[in-house]
Amino acid sequence: MSQLLTPQLLRLHEAAVEDGRRHLLRRSLFGQIAADSGRHAIGVAGPRGAGKTILLRQLAATLDDTFYLSADTLEPDADLFEIAESLGSGMRVRTLLVDELHFLPNGFAALKKITDFLPVRVIFTSSVALALKESAHDLSRRVAVHDLDYFSFAEFLKFRHGRDLPLLGLGDILGGRWAAAHLLSGSRFGEYLGGG
């Protein structure tokens, strides 16, 4: 039996989908990635704790024909190309979601092969942003890289307190184009700085 088809990997995929369903609020990057219909792979780079894993799990729960893999649960010598090929032909997976791709020693090389030879699209994350950006350069037009950073203050207000305020630019502030809700939300800024 291929490593791909082990009951453990299938259970982990199902658990990821269930977790994705529990997180109802979505970062704005979710919509960009879900709407992107290009043939290229999509990389999400960002620091640990920024929400990359939750983003992939939300995609697994929302998009059809996807399979979620966490690279750190695979054997170090796992062949991602073989896994993608098996998923594509055996389970008709069209989008492979790979969390923390940098854990696989040949992950970026496999990504190039998958993009060149398989009808399987890869959306992946990496918290090793420098390695991702260097590999993306080697992969030329095959990968679109998006940065996912920690919550902005606006996202913090939306996720933690349910306040979805229009963003303000410096011109808006200087021109007095803000609402009372913006001022009321300012009292939450200390909480945001303390770990939001």
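The structure we're discussing is the one just above.
Residues numbered from 1 in each chain as written. Predicted model: local features only at pLDDT ≥ 70, side-chain atom pairs only at ≥ 80, totals over all residues. Heavy atoms only, no water.

Asks: Any chance you could explain the nonpolar core here in plain terms?
Replies: For soluble globular proteins, nonpolar side chains are generally found buried alongside one another. One finds Leu80, Leu96, Leu111 and Phe124 to be the most contacted residues of the largest nonpolar core, which totals 27 residues. Sorting the residues of this core by element identifies β2 (66–70), α4 (80–90), β3 (95–99), α5 (107–117) and β4 (121–126) as the ones contributing at least two each. It is α4 that provides the largest number of residues to this core, a total of five residues. Counting 15 residues, the second-largest nonpolar core is a separate cluster that includes Leu29, Ile42, Leu55 and Leu56. (Core = buried A, V, L, I, M, F, W, Y, C linked by side-chain atoms within 4.5 Å. Buried < 20%, exposed > 50% of the residue type's maximum accessible area, 1.4 Å probe, protein only. Helix = DSSP H or I, 4+ residues; strand = E, 2+ residues; numbered from the N terminus.)

Asks: Any chance you could explain the layout of surface pockets here in plain terms?
Replies: Taking a probe equal in size to a water molecule and rolling it over the atoms shows the remaining empty space. By volume, the largest pocket amounts to about 170 Å³. Considering the residues around the largest pocket, the lining is formed by His23, Leu24, Leu25, Arg26, Arg27, Gly51, Ile54, Leu55, Gln58, Phe151 and Phe159. With three residues, helix α3 (residues 52–62) is the largest single contributor of residues to the lining of the largest pocket. Among the residues making up the lining of the largest pocket, the classes are represented as six nonpolar, three polar and two charged. (1 Å grid on protein atoms, 1.4 Å probe; cavity = no way out; pocket = protein on both sides within 12 Å on 5 of 7 lines; lining within 4 Å. Points joined across faces, edges and corners; volume = space filled by probe spheres on them. Nonpolar A, V, L, I, M, F, W, Y, C, P; charged D, E, K, R; others polar.)

Asks: Just checking my understanding: could you explain the side chain of Glu100 for this structure?
Replies: Structurally, the position occupied by Glu100 is in the loop between β3 and α5. By relative accessible area, which is 8% here, Glu100 ends up buried. When near neighbours in sequence (up to four residues on either side) are disregarded, Glu100 contacts Arg48, Lys52, Ala71, Thr125, Ser126 and Ser127. (Contact = heavy atoms within 4.5 Å.)

Asks: Even after reading the chapter, I still don't get the pairing of β2, so can you show me in this structure?
Replies: A regular strand places its side chains on the two faces of the sheet in alternate fashion. Taking burial as the measure, the five residues of β2 include five buried ones, the bulk of the element. The side-chain alternation of β2 yields two buried faces, one formed by Thr66, Tyr68 and Ser70 and the other by Phe67 and Leu69. With five bridges connecting them, β2 and β3 associate as parallel partners. Bridging across to β3, Leu69 finds its partner in Val98. (Pairing = 2+ DSSP bridges.)

Asks: Honestly, the sheet that holds strand β1 (residues 41–45) in this entry has me stumped. Any pointers?
Replies: Strand order across the open sheet formed by five strands is β2-β3-β4-β1-β5, with parallel pairing between neighbours. Of all the strands in the sheet, the pair left with one neighbour each is β2 and β5 (143–147). Each strand of the sheet is rotated relative to its neighbour by a mean of 15°, with strand direction disregarded. Where β1 meets β4, four bridges bridge the pair, whose relative direction is parallel. (Axes fitted to C-alpha atoms, helices over the stretch in contact; angles between N-to-C directions.)

Asks: How do you make sense of a nonpolar patch on the surface when you look at a structure like this?
Replies: Taken together, the side chains of Leu168, Leu170, Ile173, Leu174, Trp178 and Leu183 present a nonpolar region at the surface, about 630 Å² in accessible area. Here the element with the most residues in the nonpolar patch is helix α8 (residues 170–174); it accounts for three residues. When you line up the elements, Leu174 lands in helix α8. (Patch = residues over 30% accessible without salt bridge, like charges linked within 9 Å, V, L, I, M, F, W, Y side chains within 5 Å. Areas by Shrake-Rupley, 256 points an atom, 1.4 Å probe, with all protein chains shown as cover. Salt bridge = Lys/Arg side-chain N within 4 Å of Asp/Glu carboxyl O.)

Asks: Would you mind going over the pattern of salt bridges with me for this structure?
Replies: For the coordinates displayed, the defined rule picks out 11 salt bridges. Between Arg142 and Asp116 there is a salt bridge, with its nearest N and O atoms 2.7 Å apart. Residue Arg142 is located in the loop between α6 (129–138) and β5, and its partner Asp116 is located in helix α5; the two are separated by 26 residues in the primary sequence. For Arg142, a relative accessible area of 22% gives the class partly exposed. Asp116 gets classed as partly exposed once you look at its relative accessible area, which sits at 34%. Note that Arg188 and Glu191 form a salt bridge whose closest N and O atoms lie 3.6 Å from each other.

Asks: For this particular structure, what's the right way to read the packing of α4 against α5?
Replies: Two measures define how a pair of helices packs: the angle their axes make with one another and the distance between the axes. It is at 8 Å that the axes of α4 and α5 come closest, and there the two elements cross at 35°. Within the contact between the two elements, α4 uses Leu80, Phe81 and Ala84 and α5 uses Gly107, Ala110, Lys113, Ile114 and Phe117. The class makeup of the residues in the contact of α4 with α5 is six nonpolar, one polar and one charged.

Asks: When you look at the packing of aromatic side chains in this model, what are you seeing that I'm missing?
Replies: Any pair of aromatic rings gets described here by the distance separating the centres and the angle formed by the planes. In total, this model carries seven aromatic pairs according to the counting rule given. Each ring, one from Phe156 and one from Tyr192, has its centre 5.5 Å from the other, and the planes form 50°; the classification is tilted. Highlighted residues: Phe156 in helix α7 (residues 153–161) and Tyr192 in helix α10 (residues 189–193), separated in sequence by 36 residues. For the pair shown, Phe156 and Tyr192 are each scored as buried. Look at Phe189 and Tyr192: their rings are 5.7 Å apart centre to centre, the planes differ by 40°, and that puts the pair in the tilted class. Within this pair, Phe189 and its partner Tyr192 are both found in helix α10, separated by three residues, close to a single helical turn. Overall, Tyr192 belongs to the buried group, its relative accessible area being 19%. Taken together, the ring pairs in this structure connect Phe153, Phe156, Phe189 and Tyr192 into an aromatic cluster. Seen from the ring of Phe81, Lys113 lies directly overhead, with NZ or CZ sitting 4.4 Å from the centre. (Phe/Tyr/Trp six-rings, centres within 6.5 Å; stacked < 30°, edge-to-face > 60°. Lys NZ or Arg CZ within 6 Å of the ring centre and 35° of its normal.)

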